[in-house]
Amino acid sequence: MEFFIISMLNGLSYGLLLFMLSAGLTLILSMMGVLNFAHASFYMVGAYLGYTVSGWVGFWPALVVAPLVVGAMGAVFERVALRKVHKFGHVPELLITFGLSYILLELVQLIWGRTALEFKPPVSLQGPAFTLVNHAVNGLQLVWGAAPAELCAAADAAVRVVCSPFPMTRGFMMVIALLMLLALWLMLTRTRIGLVIQAALTHPEMVESLGHNVPRVFMLVFGVGTGLAGLAGVIGGSTFVTEPAMAATVGSVIFVVVVVGGMGSLSGAFLASVLIGVIQTFAVAFDYSMLDVLPTLGVQVTDTLRNNSVAKLTIAQVAPILPYLFLVLILIFRPKGLLGTREG
């Protein structure tokens, strides 16, 4: 039971990190029709800026300053470069953001180096949020914070004790992601600026005739989207690892999330993020292959099958390709995504 609970929470936390990334990308895509290939690079820049600012003034100011700087960088890029090529269609937009991703990667390596940095979270976020203690006699117990060392060390031949801590940083990540979802929903549906943004997407001429500056609205949207990526970078960099490869690690997965959830659907991105996070986390934890499953089904395993390299593959080994397999199946059977709507 403790394995299921901890694995589910780890999967949810990873999925919510993916949502923090895909939310900004989905916002830009739904409002501007721009598929920003440099979005994961802004996530990387946010992590490095958070590392630097936290070294100067602490983690909590960095959690505010770094996303604001990244958002400003995104707004400037939209104003100076992206707006110039917007009139030429989607291909130039893709190419210019693709080029920006390489520029940001090289700049990060020039400034901070090519090795991983030790971006530690604050003391208040270090250690476990709670610990699940599976006691052979007393059953499953929940201990807030770290369980007593003497309790977790009590395993012997007569009493079996298993302690499973859940990190505070992952719990903080989940809270921030849920607050982000709530804030975006309220902004888009309950505020005047949200209504202007949605109207500018479908009826830009009408919005301009009412006195609103549509290019400035799009610049704001792009800045907010990249700022959300920067916020995810500060949290993800302090939770996992801050290195130049972090953009490539999550870059392709967030595009999978956007397509699976439905192009431009914020609720679809949330659902797809959670599904992919949970599925991949559980898959990594299962070290079973076809050779382990077939005997339980009454199938005799021959020597030829036992020596087959495909049959020896475990679920944990194929876990990295599961999101892309999910993407292929969605494109075949439901091209509009889980919660998307077909265009035209």
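Worth saying up front: this structure is predicted, and the values here are computed from it rather than measured.

A. Broad picture of the overall build of the chain. Per the secondary structure count, the chain includes 15 helices and three strands. Viewed in the frame of its principal axes, the chain has a C-alpha envelope of about 80 × 50 × 40 Å. The 344 residues of the chain split such that 46% are buried. Counting only contacts in the chain whose residues sit at least 6 apart along the sequence, the fraction spanning at least 24 positions is 76%. As presented, the chain carries roughly 17400 Å² of accessible surface, and 68% of it is formed by carbon and sulfur atoms. The average position of the 16 basic charges and that of the 14 acidic charges among the side chains of the chain differ by 11 Å.

B. Broad picture of the packing of helix H2 (residues 39–57) against helix H9 (residues 214–239). Two numbers describe how H2 lies on H9: the axes approach to 7 Å, and their chain directions differ by 50°. With respect to H9, the element H2 is oriented oblique. Crossing handedness for the pair H2 and H9: right-handed. Every residue of H9 that contacts H2 at His-39, Phe-42, Tyr-43, Gly-46, Ala-47 and Gly-50 is listed here: Gly-225, Thr-226, Ala-229, Gly-230, Ala-232, Gly-233, Val-234, Gly-236 and Gly-237. In terms of residue class, the contact of H2 with H9 is made up of six nonpolar, nine polar and no charged.

C. Main features of the pattern of salt bridges. As enumerated under the stated definition, the model contains two salt bridges in all. Among the salt bridges present, the one from Glu-78 reaches Arg-83, with a minimum N-O distance of 3.2 Å. Of the residues examined, Glu-78 reaches a relative accessible area of 4% and is grouped as buried.

D. Representation of the nonpolar core within the structure. Of all hydrophobic cores here, the largest spans 85 residues; its most connected members are Met-20, Met-32, Tyr-43 and Ile-235. Residue contacts for Ile-235: discarding those within four places in its chain leaves Met-20, Leu-63, Phe-172, Met-173 and Ile-176.

E. Seen up close, the sheet that holds strand S2 (residues 139–144). Pairing is antiparallel across the open sheet formed by three strands, whose spatial order is S2-S1-S3. Edge positions in the open sheet fall to S2 and strand S3 (161–167), since each of these has one partner strand only. Taken pair by pair, the neighbouring strands of this sheet meet at an average axis angle of 20°, ignoring direction. As paired strands, strand S1 (residues 128–135) and S3 are joined by seven bridges and run antiparallel to one another. The partner of Pro-128 across the bridge, within S3, is Pro-167. Packing of helix H1 (residues 2–32) onto the sheet brings it into contact with S1, S2 and S3, and relative to S3 it is tilted by some 10°.

F. Representation of the pairing of S1. The buried count for S1 comes to six of eight residues, which makes it a mostly enclosed element. As paired strands, S1 and S2 are joined by six bridges and run antiparallel to one another. When the bridges of S2 are listed, Asn-134 appears paired with Leu-140.

G. Main features of the environment of Leu-25. Relative to the helices and strands, Leu-25 resides in helix H1. Overall, Leu-25 belongs to the buried group, its relative accessible area being 0%. Expressed as a C-alpha distance, the spacing of Leu-25 and Leu-35, which sit ten residues apart in the sequence, is 7.3 Å.

H. Structural context of a nonpolar patch on the surface. A surface patch of nonpolar side chains, amounting to about 960 Å² of accessible area, comprises Met-1, Phe-3, Phe-4, Leu-140, Phe-286, Tyr-288, Val-293, Leu-297, Val-299 and Ile-315. Within the fold, Phe-286 resides in the loop between helix H11 (266–285) and helix H12 (290–293).

I. Looking closely at helix H4 (residues 90–112). Over its 23 residues, H4 extends 33 Å from the first C-alpha to the last, a length consistent with the 33 Å expected when each residue adds 1.5 Å. Listed in full, the buried residues belonging to H4 are Glu-93, Thr-97, Leu-100, Ser-101, Leu-104, Val-108 and Gln-109. In this fold, the buried residues of H4 make contact with H2 and helix H3 (59–85). Among the residues trailing H4, Gly-113 stands out with phi positive, at a value near 95°.

J. Structural context of the side chain of Ser-41. Tracing the backbone shows Ser-41 in helix H2. Apart from residues no more than four positions distant in its own chain, Ser-41 is found in contact with Ser-101, Leu-104 and Ala-247.

K. Structural context of the side chain of Thr-242. As for its position among the elements, Thr-242 is in the loop between H9 and helix H10 (246–261). Judged by relative accessible area, which is 0%, Thr-242 ranks as buried. Engagement of the side chain of Thr-242 in a polar contact is seen with the backbone oxygen of Gly-237, the distance being 3.1 Å.

L. Main features of the packing of H3 against H4. Two elements in contact, H3 and H4, have axes separated by 10 Å at closest approach and are oriented at 140°. Between H3 and H4, the angle falls in the class oblique. As for the relative orientation of H3 and H4, their crossing is right-handed in sense. Contacts between H3 and H4 involve Met-73, Phe-77, Ala-81, Leu-82 and Val-85 from the former and Pro-92, Glu-93, Ile-96, Thr-97, Leu-100 and Leu-104 from the latter. Here the residues of the contact of H3 with H4 sort into nine nonpolar, one polar and one charged.

Definitions and cut-offs
- Residues numbered from 1 in each chain as written.
- Predicted model: local features only at pLDDT ≥ 70, side-chain atom pairs only at ≥ 80, totals over all residues.
- Heavy atoms only, no water.
- Helix = DSSP H or I, 4+ residues; strand = E, 2+ residues; numbered from the N terminus.
- Buried < 20%, exposed > 50% of the residue type's maximum accessible area, 1.4 Å probe, protein only.
- Contact = heavy atoms within 4.5 Å.
- Areas by Shrake-Rupley, 256 points an atom, 1.4 Å probe, with all protein chains shown as cover.
- Lys, Arg positive; Asp, Glu negative; His and termini not counted.
- Charge placed at Lys NZ, Arg CZ, Asp CG, Glu CD.
- Axes fitted to C-alpha atoms, helices over the stretch in contact; angles between N-to-C directions.
- Parallel < 35°, antiparallel > 145°, perpendicular 65-115°, else oblique.
- Left-handed = near helix turned anticlockwise from the far one by under 90°.
- Nonpolar A, V, L, I, M, F, W, Y, C, P; charged D, E, K, R; others polar.
- Salt bridge = Lys/Arg side-chain N within 4 Å of Asp/Glu carboxyl O.
- Core = buried A, V, L, I, M, F, W, Y, C linked by side-chain atoms within 4.5 Å.
- Pairing = 2+ DSSP bridges.
- Patch = residues over 30% accessible without salt bridge, like charges linked within 9 Å, V, L, I, M, F, W, Y side chains within 5 Å.
- Expected span 1.5 Å × (residues − 1).
- Polar contact = N/O pair within 3.5 Å; in protein donor to acceptor, adjacent residues only side chain to side chain.

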